[in-house]
Amino acid sequence: MASGVKPRVKVPRTAAVGDVITIKTLISHKMESGQRKDKEGNIIPQSIINTFSCDFNGQNIMSVDLSGAVSTNPYFQFEATVPEAGDFTFTWNDDDGSVYTETKSVKIG
Amino acid sequence: MDFTRRDALILGAGAATAALLPVGVFAAAGDEEIAAFTGGADVSEGGVELTAPEIAENGNTVPVAVSAPGATAIMLLAMGNPSPRVATFNFGPLAGAQAASTRIRLAGTQEVVAIAKLADGSFARASSNVKVTIGGCGG
């Protein structure tokens, strides 16, 4: 499942120093749970995004271990402190070894 | 072969037990996941908040939110799913709040549990019963 995976991230463009901002992320991914069966009754093997993490200038904000029970197109909403201007890095790791990343800058002002 | 009334009752009782059994098995798996996360430590009530709908029409996307001030990690479990583990949130130094929300799959009406690992090493638990109209595990 390396096709059609598209990360979307919503981060405010500017923030004041020390502000707590809300971040929303969504990545289009099937999240095949490993529980479903195809027409012949064979189990469709699990294929999911197994970890997600969000960092700011190299410091971790949140990381998540996912399982097959997370819905299609995994969505996360969480909060982050902005100590300075810099870049948010979002990383998703797929079961098939693919890594999807997205970067968003935030300015102080 | 003729079924007597007695045979039918015995068969029915057997079928009912078989139908109930998987729920028990899943629940035990959920308890094992909790034990693996806490390392067998005591889990107290309170200190963690779990927001989940009372009734979810579609088990494929059930919005849930967890929040535990001061927690380092929160584990989310669906006790009635074939595999109870849902997600584990680990919070870093820049987390604005130890809170997150996501969408999960629920196989059927069941208990959703959040276990928070607090900064002092203790564990807190919250649970919520969610009624699911259409299950979200395919099949």
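Above this text is the structure in question.
Residues numbered from 1 in each chain as written. Chains lettered and ligands numbered in written order. Predicted model: local features only at pLDDT ≥ 70, side-chain atom pairs only at ≥ 80, totals over all residues. Heavy atoms only, no water.

**Quick look at the pairing of strand 7 (residues 95-104) of chain B**
In the case of a regular strand, side chains alternate between the two sheet surfaces. With respect to burial, strand 7 of chain B is a largely interior element, seven of its 10 residues being buried. Bridge count between strand 6 (residues 75-82) of chain A and strand 7 of chain B: four bridges; the pairing is antiparallel. Paired with Phe76(A) across the strands is Thr102(B), a residue of strand 7 of chain B. In this structure, strand 4 (residues 62-67) of chain B lies alongside strand 7 of chain B, joined through six bridges in antiparallel fashion. Opposite Pro63(B), over in strand 7 of chain B, you have Arg103(B) as the bridge partner. (Buried < 20%, exposed > 50% of the residue type's maximum accessible area, 1.4 Å probe, protein only. Helix = DSSP H or I, 4+ residues; strand = E, 2+ residues; numbered from the N terminus. Pairing = 2+ DSSP bridges.)

**Section: the packing of aromatic side chains**
Residues and elements named next belong to chain A. Enumeration according to the criterion identifies eight aromatic pairs over all chains in this entry. The interplanar angle of 15 degrees and the centroid separation of 5.3 Å between the aromatic rings of Phe52 and Phe76 together place this pair among those described as stacked. Linking Phe52 in strand 4 (residues 49-56) with Phe76 in strand 6, this pair joins segments that are 24 residues apart in sequence. Here the two residues Phe52 and Phe76 agree in accessibility, since each one is buried. Ring centres of Phe52 and Trp92 lie 5.1 Å apart, and the angle between their planes is 40 degrees; on these two criteria the pair is classed as tilted. One end of the pair, Phe52, is in strand 4; the other, Trp92, is in strand 7 (residues 86-94), with 40 residues separating them in the sequence. The exposure class assigned to Trp92 is buried, which follows from its relative accessible area of 0%. (Phe/Tyr/Trp six-rings, centres within 6.5 Å; stacked < 30°, edge-to-face > 60°.)

**A few points about the sheet that holds strand 1 (residues 7-10) of chain A**
If you walk across this open sheet you meet the six strands as 1(A)-3(A)-6(A)-7(B)-4(B)-2(B), and the pairing is antiparallel. Two strands lie at the open edges of the sheet, namely strand 1 of chain A together with strand 2 (49-51) of chain B, each paired on one side alone. Direction aside, neighbouring strands of the sheet carry axes that sit 20 degrees apart on average. Here strand 3 (residues 19-27) of chain A pairs with strand 6 of chain A via eight bridges, running antiparallel. The residue of strand 6 of chain A that forms the bridge with Thr22(A) is Glu79(A). (Axes fitted to C-alpha atoms, helices over the stretch in contact; angles between N-to-C directions.)

**What to know about the interface of chain A and chain B**
The interface is formed by 30 residues belonging to chain A together with 28 residues belonging to chain B. When chain A packs against chain B, the two sides together hide about 2300 Å² of surface, and 50% of this comes from carbon and sulfur. One can count zero salt bridges joining chain A with chain B. Where chain A packs against chain B, one counts 19 residue pairs in polar contact (both at pLDDT 80 or more). The set of elements that each furnish at least two residues to the side of chain A that touches chain B consists of strand 3, strand 5 (59-66) and strand 6 of chain A. (Contact = heavy atoms within 4.5 Å. Buried area = accessible area lost by both parts, 1.4 Å probe. Salt bridge = Lys/Arg side-chain N within 4 Å of Asp/Glu carboxyl O. Polar contact = N/O pair within 3.5 Å; in protein donor to acceptor, adjacent residues only side chain to side chain.)

**Some points on the pairing of strand 8 (residues 110-118) of chain B**
All names here are of chain B. Taking burial as the measure, the nine residues of strand 8 include seven buried ones, the bulk of the element. Of the strand pairs in this sheet, strand 8 and strand 9 (residues 123-134) are connected by eight bridges, and their pairing is antiparallel. Bridged to Ile115 within strand 9 is Arg125. What sits between the antiparallel neighbours strand 8 and strand 9 is a turn of four residues, in which Gly121 has the positive phi angle 90 degrees.

**Considerations on the side chain of Gln98(B)**
Residue and element names in this part refer to chain B. With respect to the helices, strands and loops of the structure, Gln98 is situated in strand 7. A polar contact of 3.3 Å, which involves the side chain of Gln98, links it to the backbone nitrogen of Gly70. Excluding residues within four positions of it along the chain, Gln98 makes contact with Val66, Ser67, Ala68, Pro69, Gly70, Ala71, Ile74 and Phe91.

**Brief notes about unusual backbone geometry**
Residues and elements named next belong to chain A. Within the chain, Asn57 stands out as a residue other than glycine whose phi angle is a positive 45 degrees. For Asn57, a relative accessible area of 39% gives the class partly exposed. Of note in this structure, Asn73 is not a glycine but carries a positive phi near 55 degrees. Relative to the helices and strands, Asn73 resides in the loop between strand 5 and strand 6.

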